[in-house]
Amino acid sequence: ARAWSYDASVWPIATTTPLRAARAGTLYNLRRHEEAIEECRAIFGRDPQSAAAHKVAALCYAYKLDFESAFQHFKKALELDPRDDSILANYAALLQRTGKLNDAWECAKRAVELNPKNAHARLVRGMILLEQERLTEAEAEFKAGLELDPKHATGHLNYGRLLARMGRRTEAIAEFVGPDN
């Protein structure tokens, strides 16, 4: 009997761009960023038009604090697929993180327009509003995002920061502890 293998010679479909992009995404989620970037580079060698691979590369570079490369890959991903709300939400998060709040707002706004159930985009909007001291509006965005994704740990942490800033310490502590504790 032959053992199961993920070797591309045994499973030729494993070399298709969507599956390779999914593999790169999994490597990113496992925090194996260098391997994910190498997988993206291999994809670009065969299919430089893969928006999914550009998104994964952007996320990896952002994690590594190589913002210039992250911006380049997000821009390419959006050029290839301007209606992907996930790319827009992640790009908005990077823009917010680097202080480009107006551009971040526009990307997050567009992501929510394309997909009103995009929790990440709602939470990014909450962070933008928090940074602008628009606390009531930020609270509405955080609540909307956490309603869509109640287990989003970073969302709870940031909502807790907002509540603490508003002087609502008991509620803030509950958010810091998390939804399951």
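Residues numbered from 1 in each chain as written. Predicted model: local features only at pLDDT ≥ 70, side-chain atom pairs only at ≥ 80, totals over all residues. Heavy atoms only, no water.

Draft legend 1. Looking closely at the confidence of the model for the chain. Model confidence for the chain is summarised by a mean pLDDT of 91, while 90% of its residues fall at 70 or above. In this model, residues 1-13 is a region of pLDDT below 50 whose contacts with residues beyond four sequence positions or in other chains number seven contacts. (pLDDT = per-residue confidence, 0-100. Contact = heavy atoms within 4.5 Å.)

Draft legend 2. How the structure looks around the nonpolar core. Counting residues in each nonpolar core, the largest one holds 38 residues, and the members touching the most others are Cys40, Phe74 and Tyr91. At the level of secondary structure, the elements contributing two or more residues to this core comprise helix H1 (17-29), helix H2 (33-46), helix H3 (51-63), helix H4 (67-80), helix H5 (85-97), helix H6 (101-114) and helix H7 (119-131). With nine residues, the top contributor of residues to this core is H3. Excluding residues that lie within four positions of it along the chain, Phe74 makes contacts with Lys55, Ala58, Leu59, Ile87, Asn90, Tyr91 and Leu94. Ranked by size, the runner-up nonpolar core spans twelve residues in total, among them Leu123, Leu135, Phe142 and Ala172. (Core = buried A, V, L, I, M, F, W, Y, C linked by side-chain atoms within 4.5 Å. Buried < 20%, exposed > 50% of the residue type's maximum accessible area, 1.4 Å probe, protein only. Helix = DSSP H or I, 4+ residues; strand = E, 2+ residues; numbered from the N terminus.)

Draft legend 3. Layout of the packing of helix H9 (residues 153-165) against helix H10 (residues 169-177). Between H9 and H10, whose axes approach to 8 Å, the crossing angle comes to 165°. By the angle between their directions, the pair H9 and H10 is classed as roughly antiparallel. For the element pair H9 and H10, the recorded crossing hand is left-handed. Each of His156, Leu157, Tyr159, Gly160, Arg161, Leu163 and Ala164 in H9 lies in contact with H10, whose residues at this interface are Arg169, Glu171, Ala172, Glu175 and Phe176. (Axes fitted to C-alpha atoms, helices over the stretch in contact; angles between N-to-C directions. Parallel < 35°, antiparallel > 145°, perpendicular 65-115°, else oblique. Left-handed = near helix turned anticlockwise from the far one by under 90°.)

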